[in-house]
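# Structure at a glance
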Amino acid sequence: MKPFDAIIVGARCGGASLAIFLAQKGYSVCMIDKTVFPSDNFSTHVFGGWELYAQLNVEDAIKKAGAPEMTRFRIGFEECSFEAPMVVTPSVCGLRRIKHDQILLDETVNHPQITFMPNCRLTGLLYEGEEVCGITVKEENTIKNLYGKVIVGADGRDSDVANLAGAAKYDVAESPRCIFYAYYKHVTPNPMPTFEFYWSDHDIVLVNPCDEDLHCLVVMPLHEHYKTWARSPDNRLRHKISQLSSLSSRFSGSRMIGRARGTDRLESYLRQSYGKGWVLVGDAGAAVHPCAGAGIEQAMACSEVLAACIDDFLTDRLPWSQAMDRYTEFRDPYVRQNRNAALSLAKLPPVQSDVIPWVRLISTLPTFTHKFIHQIPGFISASTDAAKFNGLKAMLGIND
């Protein structure tokens, strides 16, 4: 049997996008996944990397799948809030993974170079000498050997490829927060689609509209509160809604769809990115806390770069180690930046109670609001270094 140019274990964001990027370059790809699709996945699924979706030829399908594009961002605490059009990206989307991942898989059908094998479980790696040259899989009750020039693990945090290859973790950071979330029907929507971020006591609360007129409610309690939340997550989520006046009226007639889900296994890490014949992408190789909502875009951005590096190897422009070093040189700083942003946000303390009256004053007296606004550039300049301040100005389109 002629070997595939690449075999990818895992068919979600990292794996499916890598398969498409490689097929666009003309390579033969075999992609397996232990799941039968359509299939949901544990994820808070807010994303906005539209250039990547355009390159994958799925931007239109994603935008037409029923989840409104959110163009506004609201930050709230103690009945006070700030709201504005988004700055970092024009819009984000909260399409559920059961639809999002299926759209990526539907696109793979348009590439005859891609062979997809769902309900197919990895059982081992095949070696030629010290180099991985294929995988052993179990499809229904049949054991098969598949051979490829490159073996890719895109199979998530508990990656079988990483474990079988012995890929060590480094830069590990324990999670300061656990996470619980659920979907709700009959929530009164905002006048304009808005991503909502709230501090509530020690908790971080996120709300966004999804497809099929659903809303996703996410609460990130402190890690040490996980067991308390896990005993009755449905009731805990409903109680949290009642604590936020901006949400309680909108959720008053709502109904949870399905069950609440939660986990405390959210450590951030990097793994050894590659070895002889194998490489990791997505959460298999690097994961960050979901507080910053960077996971989906991170997996797809790394897949785009990995596809280019695999192309360099398969066309003999670079030997394997040099091609994969280029991938790692992109991945590690990119992931560290996302990790640092997520952990910095996750570790912020509650808003101090003695500050709240001043925020209310600023928010309700136009004269004070006007004066406060004009102090913001000076505050930001004093709180960051010159390079970051100039970078923010450039992002905002501010010219001196």
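Up top you'll find the structure we're talking about.
Residues numbered from 1 in each chain as written. Predicted model: local features only at pLDDT ≥ 70, side-chain atom pairs only at ≥ 80, totals over all residues. Heavy atoms only, no water.

Turning to the sheet that holds strand E10 (residues 179–185), a few remarks are in order. Ordered in space as E4-E3-E11-E12-E13-E10-E14, the seven strands form an open sheet in which the pairing is mixed. Since the sheet does not close on itself, it has two edges, and those belong to strand E4 (80–85) and strand E14 (255–263), each with one partner. Strand-to-strand twist in this sheet, taken as the mean axis angle between neighbours without regard to direction, amounts to 15 degrees. Where strand E3 (residues 72–77) and E4 come together, six bridges link them in antiparallel fashion. Bridge pairing in E4 places arginine 74 opposite glutamate 83. Contacting E10, strand E11 (194–200), strand E12 (203–209), strand E13 (214–220) and E14, helix H7 (residues 233–243) crosses the sheet at an angle of about 75 degrees to E10. (Pairing = 2+ DSSP bridges. Helix = DSSP H or I, 4+ residues; strand = E, 2+ residues; numbered from the N terminus. Axes fitted to C-alpha atoms, helices over the stretch in contact; angles between N-to-C directions. Contact = heavy atoms within 4.5 Å.)

Within a sheet, neighbouring strands are paired by backbone hydrogen bonds and run either parallel or antiparallel to one another. Spatially, three strands are ordered E9-E15-E18 in an open sheet, and the strand pairing comes out antiparallel. Since the sheet does not close on itself, it has two edges, and those belong to strand E9 (169–173) and strand E18 (286–287), each with one partner. Along the sheet, helix H10 (residues 320–346) makes contact with E9, strand E15 (268–271) and E18, crossing E15 at roughly 170 degrees.

With that settled, consider the packing of aromatic side chains. Each aromatic ring pair is specified by the distance between its two centres and by the angle formed by the two planes. For the structure on display, the rule yields 15 aromatic pairs. Centre to centre, the rings of tyrosine 274 and tryptophan 320 are 6.3 Å apart; their planes meet at 85 degrees, and the pair counts as edge-to-face. On the criterion of sequence distance, the pair formed by tyrosine 274 in strand E16 (residues 274–275) and tryptophan 320 in helix H10 is long-range, its members being 46 residues apart. Tryptophan 320 sits in the buried class, given a relative accessible area of 13%. Counting every residue linked through ring pairs, the aromatic cluster contains Phe42, Tyr181 and Tyr183. Over the ring of tryptophan 50 we find lysine 63; its NZ or CZ atom is 4.7 Å from the centre of that ring. Over the ring of tyrosine 183 we find arginine 96; its NZ or CZ atom is 5.9 Å from the centre of that ring. (Phe/Tyr/Trp six-rings, centres within 6.5 Å; stacked < 30°, edge-to-face > 60°. Buried < 20%, exposed > 50% of the residue type's maximum accessible area, 1.4 Å probe, protein only. Lys NZ or Arg CZ within 6 Å of the ring centre and 35° of its normal.)

Following phenylalanine 37, the chain continues into proline 38 via a peptide bond in cis, with omega recorded as 0 degrees. When you line up the elements, proline 38 lands in the loop between strand E2 (29–32) and helix H2 (50–55). Phi is positive for asparagine 57, which is not a glycine, with a value near 65 degrees. The phi torsion at glutamate 140 lies on the positive side, around 55 degrees, for a residue other than glycine. Within the secondary structure layout, glutamate 140 lies in the loop between strand E7 (131–139) and strand E8 (142–153). With relative accessibility at 63%, the residue glutamate 140 sits in the exposed group.

Quick look at the side chain of lysine 240 now. Relative to the elements of secondary structure, lysine 240 occurs in helix H7. Given the relative accessible area of 3%, lysine 240 is considered buried. Side-chain polar atoms of lysine 240 contact the side chain of serine 200, separated by 3.0 Å. Side chain to side chain, lysine 240 and glutamine 243 meet in a polar contact 2.8 Å long. (Polar contact = N/O pair within 3.5 Å; in protein donor to acceptor, adjacent residues only side chain to side chain.)

What follows deals with the packing of helix H1 (residues 13–24) against helix H9 (residues 295–314). Put simply, H1 and H9 touch, their axes get as near as 8 Å, and they point 35 degrees apart. The way H1 lies across H9 gives a crossing that is right-handed. In this structure, H1 uses Cys13, Gly14, Ser17, Leu18, Phe21 and Leu22 to contact H9, whose residues at the interface are Ile296, Ala299, Met300, Ser303, Glu304, Leu306, Ala307 and Ile310. Across the contact of H1 with H9, the residue classes break down as 10 nonpolar, three polar and one charged. (Left-handed = near helix turned anticlockwise from the far one by under 90°. Nonpolar A, V, L, I, M, F, W, Y, C, P; charged D, E, K, R; others polar.)

Our next topic: the nonpolar core. Counting residues in hydrophobic clusters, the biggest one holds 52 residues, and the most contacted among them are Ile8, Leu22, Val152, Val279, Leu306 and Met324. Elements represented by at least two residues in this core include exactly strand E1 (4–9), H1, E2, H2, helix H4 (97–108), E8, H9 and H10. By residue number, the principal contributor to this core is H9, which donates 10 residues. Excluding residues within four positions of it along the chain, methionine 324 makes contact with Tyr274, Val279, Leu306, Cys309 and Ile310. (Core = buried A, V, L, I, M, F, W, Y, C linked by side-chain atoms within 4.5 Å.)

Our next topic: a nonpolar patch on the surface. Taken together, the side chains of Phe82, Val87, Val88, Phe372, Ile373, Ile376, Phe379, Ile380, Leu392, Met395, Leu396 and Ile398 make up a nonpolar region of the molecular surface, amounting to roughly 1100 Å² of accessible area. Mapped by element, the contributors of at least two residues to the nonpolar patch are helix H12 (366–383) and helix H13 (386–396). Among the elements that line the nonpolar patch, the one with the most residues is H12, at five residues. As for its position among the elements, valine 88 is in the loop between E4 and H4. (Patch = residues over 30% accessible without salt bridge, like charges linked within 9 Å, V, L, I, M, F, W, Y side chains within 5 Å. Areas by Shrake-Rupley, 256 points an atom, 1.4 Å probe, with all protein chains shown as cover. Salt bridge = Lys/Arg side-chain N within 4 Å of Asp/Glu carboxyl O.)

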